[in-house]
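# Geometric and topological summary
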Amino acid sequence: VGEKVLLKCSFKSNSPITESLTVDWTYRPLTGGQMETIFHYQSVPYPTTVGKFKDRISWVGNVAKGDASIAIESPVMSDNGTFICSVKNPPDV
């Protein structure tokens, strides 16, 4: 709680990394409910502009090195839940 937390995500792809590579981070609260997209990356990072993670997510990844990690500032217990990272590098998924 209170300390910046790193959510690591690494990937491997047999296809060259291009600007069509996308990263999507989704989140579902521990209490259940809707999955929500909290971060999107395609050439540049697009942190969410709504919801509980607004203004608290930063991109720390480097797709050239197979890293799609993000960081969350000032986490609180209610942020607890399932975080899913999905990387698509057409034609690889």
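In case you missed it, the structure is sitting above this.
Below or above, wherever it landed, is the structure these notes cover. Every value quoted in this text rests on a predicted model; they were computed, and no experiment measured them.

Reading guide: rules and limits
Residues numbered from 1 in each chain as written. Predicted model: local features only at pLDDT ≥ 70, side-chain atom pairs only at ≥ 80, totals over all residues. Heavy atoms only, no water. Helix = DSSP H or I, 4+ residues; strand = E, 2+ residues; numbered from the N terminus. Rg over C-alpha atoms; globule rule 2.2 N^0.38 Å. Contact = heavy atoms within 4.5 Å. Polar contact = N/O pair within 3.5 Å; in protein donor to acceptor, adjacent residues only side chain to side chain.

On to the overall build of the protein chain. Assigned secondary structure in the protein chain consists of zero helices and seven strands. Traced from its N-terminal end to its C-terminal end, the protein chain shows the element sequence β-β-β-β-β-β-β. Taken over C-alpha atoms, the radius of gyration comes to 13 Å for the protein chain, in line with the 12 Å a tight globule of 93 residues would show. Restricting the contact set of the protein chain to residue pairs at least 6 apart, pairs at least 24 apart contribute 56%.

Take the side chain of Asn-89 next. Within the element layout of this structure, Asn-89 appears in the segment after strand S7 (81–88). One polar contact links Asn-89 to Ser-13, side chain to side chain, over a distance of 2.9 Å. There is a polar contact of 3.1 Å between the side chain of Asn-89 and the backbone oxygen of Ser-15. What Asn-89 contacts, discounting residues up to four positions off in sequence, is Ser-13, Ser-15, Pro-16, Ile-17, Thr-18 and Leu-21.

Taken by themselves, the reported measurements are silent on function.
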